[in-house]
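Structural overview
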Amino acid sequence: MAKIGDLAAEAGLRRIHVLAWRDLDDIEAGGSELHADRVARLWAEAGIEVTMRTSFSAGSPSVAVRSGYRVIRRGGRYMVFPRAVLAELAGGHGARDGLVEIWNGMPFLSPVWARGPRATWVHQPHTDLWDRVLPRGRAAAGRVFERDLAPRLYRSTPVVTLSESVRRQLVDAFRLRPERVHVVPPGIDDRFVPNPRARDPEPLLVAVGRLTSAKQFDRVIRAVARLREHAPARLVIAGSGTERDRLASLVSALGAEAWCELAGHVDDDALASLYQRAWVLVSASSAEGWGMTITEAAACGTPAVVSDIPGHADAVNDGETGHLATSDGDFVDALARIITDPAHRARLGDAARARASSLTWERTAHDTLAVLAGEVRPKH
């Protein structure tokens, strides 16, 4: 694999602009923002001038440098789209050799106005997520725009997504051209490594992510409550978000305070420790492009039981590195088997760790850049 800097130099990509809805410092940042940050910082380390334009984030400066790349935060949740486009057209972000647009539900419509090499990242289609975040009428409009109208503009645009199952969604539902949709899995930070001595002596289940309705942590809590009718287990949910109060009420209603902890936001080192202690990583999310927490835990030798959805279906090899669950009963049965069968748990953990070892951010950053470099027209 060629070095990132060599690939950029050969393609003449010295300055790349990234348009994103949010950045990693946003209070609601998740996997999409983590992915963008890791790629941008590795591009910057390779000598590329990276500028990321996002919406305003409370408590963060409007212009900052993070990990070697520039972040410009201007415009609210909706106004960031027209304002970012106008700034690009006016040269307000400076000169660029390439453009990356992150399509997070609502696109920046770069095929309409951008010239030169460009690529679009789609981590996951929003589909049913529109109904979870917007009133009915606006949700319906957003869904139609995302699925039926915007894709017509992007059929000639190179698209990068994280998993083969999401690629199939983009080709089948969005009718994007198959040869223009590229799969580049996310990487895993080096801090996520096994530590067998850290494993809790009693069954510990861990769920990680933003506390939003789409993540369905309530479903996880109820599944563990059912599991505890047959096998002892504790649950730690790490993350913050708008659903915390509702989840706390559910914990109280189930009398689960003794075995279910809402740990809130945890830093990176604490998260690694949590994965190392856990027996199983659990996710009941309704939509994911991949499910980075799954492979982070896998790198620590921890298998997963997760909802059978696009993204998860690539992050977990069903029956080999964990289990995919299609119903609440599947969750309970899979968790019970892993908890009560040490040999099965060890096999899953070993296979999960071996699978995770191939996922590096360096490869992600290189292969993502290669898609953009492929759009550079040779000069004659």
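Remember, it's a predicted structure, so these values are computed and weren't measured experimentally.

1. A short note on the environment of glutamate 261
Examined against the element boundaries, glutamate 261 turns out to sit in strand 11 (residues 260-264). Taking the C-alpha atoms as reference points, glutamate 261 and phenylalanine 56, 205 residues apart in sequence, are found 32 Å from one another. For glutamate 261, the residues in contact, after removing those within four places along its chain, are Leu235, Val236 and Ile237.

2. Some points on the packing of helix 8 (residues 217-227) against helix 9 (residues 244-253)
Running from amino to carboxyl end, helix 8 crosses helix 9 at an angle of 15°, the nearest separation of the two axes being 10 Å. What the angle tells us is that helix 8 and helix 9 run roughly parallel. Crossing of helix 8 over helix 9 shows right-handed handedness. Between helix 8 and helix 9, the contacting residues are Phe217, Asp218, Ile221 and Arg222 on the first element and Arg246, Leu247, Leu250 and Val251 on the second. Across the contact of helix 8 with helix 9, the residue classes tally to five nonpolar, no polar and three charged.

3. Details of the sheet that holds strand 3 (residues 63-66)
Judged by pairing direction, the sheet is mixed, and its eight strands sit side by side in the order 3-4-2-1-5-6-7-8 without closing on themselves. Taken across any chain shown, the strands that pair with only one partner, and hence form the sheet edges, are strand 3 and strand 8 (181-183). Each adjacent strand pair in this sheet contributes to an overall mean axis angle of 25°, direction not counted.

4. Let's talk about the packing of helix 11 (residues 292-299) against helix 14 (residues 342-356)
For the pair helix 11 and helix 14, the least separation of the axes is 7 Å and the interaxial angle reads 110°. Put simply, helix 11 runs roughly perpendicular to helix 14. Two secondary-structure elements touch here, helix 11 through Thr295, Ala298 and Ala299 and helix 14 through Ala352, Arg353 and Ala356. By residue class, the composition of the contact of helix 11 with helix 14 is four nonpolar, one polar and one charged.

5. Section: the nonpolar core
Formed by 61 residues in total, the largest nonpolar core has its most connected members in Ile16, Trp43 and Leu369. With seven residues, the single largest contributor to this core is helix 2 (residues 31-45). Counting 33 residues, the second largest nonpolar core, distinct from the first, contains Ala207, Ala256, Trp279 and Ile339.

6. Structural notes on the packing of aromatic side chains
Using the criterion set out here, one finds five aromatic pairs in the structure. Here phenylalanine 81 and phenylalanine 108 contribute two aromatic rings whose centre-to-centre distance is 4.7 Å and whose plane-to-plane angle is 45°, an arrangement assigned as tilted. One end of the pair, phenylalanine 81, is in helix 3 (residues 80-90); the other, phenylalanine 108, is in the loop between strand 5 (98-102) and helix 4 (110-113), and 27 residues separate them in sequence. With respect to class, phenylalanine 81 is no different from phenylalanine 108; both count as buried.

7. Some thoughts on the side chain of aspartate 37
Looking at where aspartate 37 falls in the secondary structure, it is placed in helix 2. A distance of 3.3 Å separates the side chain of aspartate 37 from the side chain of arginine 66, its partner in a polar contact. Apart from residues lying up to four places away in sequence, aspartate 37 is in contact with Leu24, Arg66 and Tyr69.

8. A closer look at the sheet that holds strand 13 (residues 304-307)
What the six strands build is an open sheet, ordered 11-10-9-12-13-14; its pairing is parallel. Looking at which strands have only one partner, the edges of the open sheet turn out to be strand 11 and strand 14 (322-325). The mean inter-strand angle of the sheet, taken between neighbouring strand axes irrespective of direction, is 20°. The pairing of strand 9 (residues 204-208) with strand 10 (residues 234-238) spans five bridges and is parallel. Of the residues in strand 10, the one forming a bridge with alanine 207 is isoleucine 237. Each of strand 9, strand 12 (280-283) and strand 13 touches helix 11; the most contacted strand, strand 12, lies at about 180° to it.

9. Section: the environment of cysteine 300
With respect to the secondary-structure elements, cysteine 300 resides in the loop between helix 11 and strand 13. By relative accessible area, cysteine 300 is classed as buried at 1%. Remark: the alpha-carbon pair of cysteine 300 and alanine 207, spanning 93 residues in sequence, is separated by 15 Å. Among residues more than four places away in sequence, those in contact with cysteine 300 are Phe192, Val193, Pro194, Arg199, Ala272, Tyr275 and Gln276.

10. A short note on the pattern of salt bridges
Enumeration over the complete set of coordinates arrives at 28 salt bridges. Taking the shortest distance from any N to any O, the salt bridge between aspartate 25 and arginine 66 comes out at 2.7 Å. One end of the pair, aspartate 25, is in the loop between strand 1 (15-19) and helix 2; the other, arginine 66, is in strand 3, with 41 residues separating them in the sequence. Using a relative accessible area of 41% as the deciding quantity, one classes aspartate 25 as partly exposed. Arginine 66 gets classed as buried once you look at its relative accessible area, which sits at 13%. The shortest N-O distance in the salt bridge between arginine 167 and glutamate 164 comes to 3.3 Å. With arginine 167 and glutamate 164 both in helix 7 (residues 164-172), this residue pair falls three residues apart, about one helical turn. Salt bridges sharing partners connect three or more residues here, namely Asp23, Asp25, Asp37, Arg38, Arg41, Arg66, Arg73, Asp189, Arg191, Asp268 and Asp269.

What counts, and where the lines are drawn
Residues numbered from 1 in each chain as written. Predicted model: local features only at pLDDT ≥ 70, side-chain atom pairs only at ≥ 80, totals over all residues. Heavy atoms only, no water. Helix = DSSP H or I, 4+ residues; strand = E, 2+ residues; numbered from the N terminus. Contact = heavy atoms within 4.5 Å. Axes fitted to C-alpha atoms, helices over the stretch in contact; angles between N-to-C directions. Parallel < 35°, antiparallel > 145°, perpendicular 65-115°, else oblique. Left-handed = near helix turned anticlockwise from the far one by under 90°. Nonpolar A, V, L, I, M, F, W, Y, C, P; charged D, E, K, R; others polar. Pairing = 2+ DSSP bridges. Core = buried A, V, L, I, M, F, W, Y, C linked by side-chain atoms within 4.5 Å. Buried < 20%, exposed > 50% of the residue type's maximum accessible area, 1.4 Å probe, protein only. Phe/Tyr/Trp six-rings, centres within 6.5 Å; stacked < 30°, edge-to-face > 60°. Polar contact = N/O pair within 3.5 Å; in protein donor to acceptor, adjacent residues only side chain to side chain. Salt bridge = Lys/Arg side-chain N within 4 Å of Asp/Glu carboxyl O.

Treat this as a map of the structure, not an account of what it does.
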